[in-house]
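As a plain string of letters, each chain reads:
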Amino acid sequence: MTVGLNYSSCPQALSAAVWSLLKAKKSMLKHKDGFMSRFYLLSETLTPSMAWGFLGTDPALRERCTAFRDKILHFLRLVFSYSSVRYTTVNSLADDIFLLAQQSVESLATM
């Protein structure tokens, strides 16, 4: 527990810190509606929960966050694997990544 904060206010403080950091980063983007803007928007939601899951005291939440992280890393390894994705044309690349994304979403839904 951080000195000066009671345990129940730590998740809110973490969310506020992440939100402030990402807001500052978004304000410096050249393309306000580009990929990174959307990535930061998603990060505003996921990062505090994941951080609290890993750093907090709830073992069930930590286990779920670890499983989620492992599934996301598995998806990323597949996307950048020449044996899983055809990098021959843009259409074949898009088709393979879309298929992997569908499979990953199904896998996450069963967690």
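None of the values given here were measured: they were computed from a predicted structure. (Residues numbered from 1 in each chain as written. Predicted model: local features only at pLDDT ≥ 70, side-chain atom pairs only at ≥ 80, totals over all residues. Heavy atoms only, no water.)

1. Section: the overall build of the protein
Heads up, the rule is: Each helix corresponds to a stretch of at least 4 residues labelled H or I by DSSP, and each strand to a stretch of at least 2 residues labelled E; elements are numbered beginning at the N terminus. When accessible area is computed with a 1.4 Å probe and restricted to protein chains, residues below 20% of their type maximum are described as buried, those above 50% as exposed, and intermediate ones as partly exposed. Only the protein chains shown count as cover for residues, with accessible areas throughout obtained via the Shrake-Rupley method and a probe of 1.4 Å.
Along its length, the protein carries four helices and zero strands. Each helix and strand of the protein, placed in order from N terminus to C terminus, yields the pattern α-α-α-α. Dimensions of the protein, computed from C-alpha atoms along their principal axes, come out at roughly 55 × 40 × 20 Å. Put simply, the protein has 111 residues, and 20% of those count as buried. Total accessible area on the protein stands at roughly 8,300 Å², and carbon and sulfur atoms take up 66% of it.

2. Examining a nonpolar patch on the surface
Rules: For patches, a residue must show more than 30% relative accessible area and have no salt bridge; joins then use 9 Å for like charges and 5 Å for nonpolar side chains, namely Val, Leu, Ile, Met, Phe, Trp and Tyr. Just to be clear on terms, a salt bridge is a Lys or Arg side-chain nitrogen sitting within 4 Å of an Asp or Glu carboxyl oxygen.
A cluster of nonpolar side chains, namely Ile72, Leu73, Leu76, Phe80, Tyr82 and Tyr87, defines an oily patch on the protein surface of about 640 Å² accessible area. Within the secondary structure layout, Ile72 lies in helix α3 (residues 59-79). On the basis of relative accessibility, which here comes to 31%, the residue Ile72 falls in the partly exposed class.

3. Examining the packing of helix α2 (residues 35-55) against α3
To be explicit about the condition: Axis geometry follows a simple rule: fit a line to the C-alpha atoms, using only the stretch in contact for helices, then measure angles between N-to-C directions, giving values from 0 to 180 degrees. Put simply, angles under 35 degrees are roughly parallel, angles over 145 are roughly antiparallel, angles from 65 to 115 are roughly perpendicular, and the rest are oblique. Throughout, a crossing is termed right-handed when the near helix is turned clockwise from the far one, and left-handed when it is turned anticlockwise from it by less than a right angle. Contacts between residues were defined by any pair of non-hydrogen atoms, one from each residue, lying within 4.5 Å. Three residue categories are used. Nonpolar comprises Ala, Val, Leu, Ile, Met, Phe, Trp, Tyr, Cys and Pro, charged comprises Asp, Glu, Lys and Arg, and polar comprises the others, including Gly.
Following both chains from N to C, one finds α2 and α3 inclined at 125°, their axes separated by 7 Å at the closest point. Taken together, the axes of α2 and α3 lie oblique to each other. In the crossing of α2 with α3, the sense of the turn from one axis to the other is left-handed. Across the interface between the two elements, Ser49, Met50, Trp52, Gly53 and Phe54 from α2 touch Leu61, Arg62, Cys65, Thr66, Phe68 and Arg69 from α3. Along the lines of polarity and charge, the residues of the contact of α2 with α3 split into six nonpolar, three polar and two charged.

4. Let's talk about the packing of aromatic side chains
Note the cut-off: Ring pairs shown here join Phe, Tyr and Trp side chains whose ring centres sit within 6.5 Å, with only the six-membered ring taken for Trp; geometry is labelled stacked below 30 degrees between planes, edge-to-face above 60, and tilted in between.
Under the criterion given, the structure shown has three aromatic pairs. Consider the rings of Phe39 and Tyr40, whose centres lie 6.1 Å apart with planes at 55°: the pair is tilted. Accessibility expressed as a relative area gives 39% for Phe39, which makes it partly exposed. The class for Tyr40 is buried, based on a relative accessible area of 11%.

5. Let's talk about helix α4 (residues 90-109)
Our working rule: Each residue after the first adds 1.5 Å to the expected span of a helix. Directions are taken from the helix axis to each C-beta atom, and the arc is the one they span.
An ideal rise of 1.5 Å per residue puts 28 Å on 20 residues; α4 measures up with 28 Å between its terminal C-alpha atoms. Along α4, the positions that sit buried rather than exposed are Ser92, Asp96, Leu100 and Ser104. Projected down its long axis, α4 carries its buried residues within an arc of 100°, all on one side. Exposed side chains of α4 directed beyond 90 degrees from the buried face belong to Val90, Asn91, Phe98, Val105, Glu106 and Ala109. On its buried face, α4 sits against α3.

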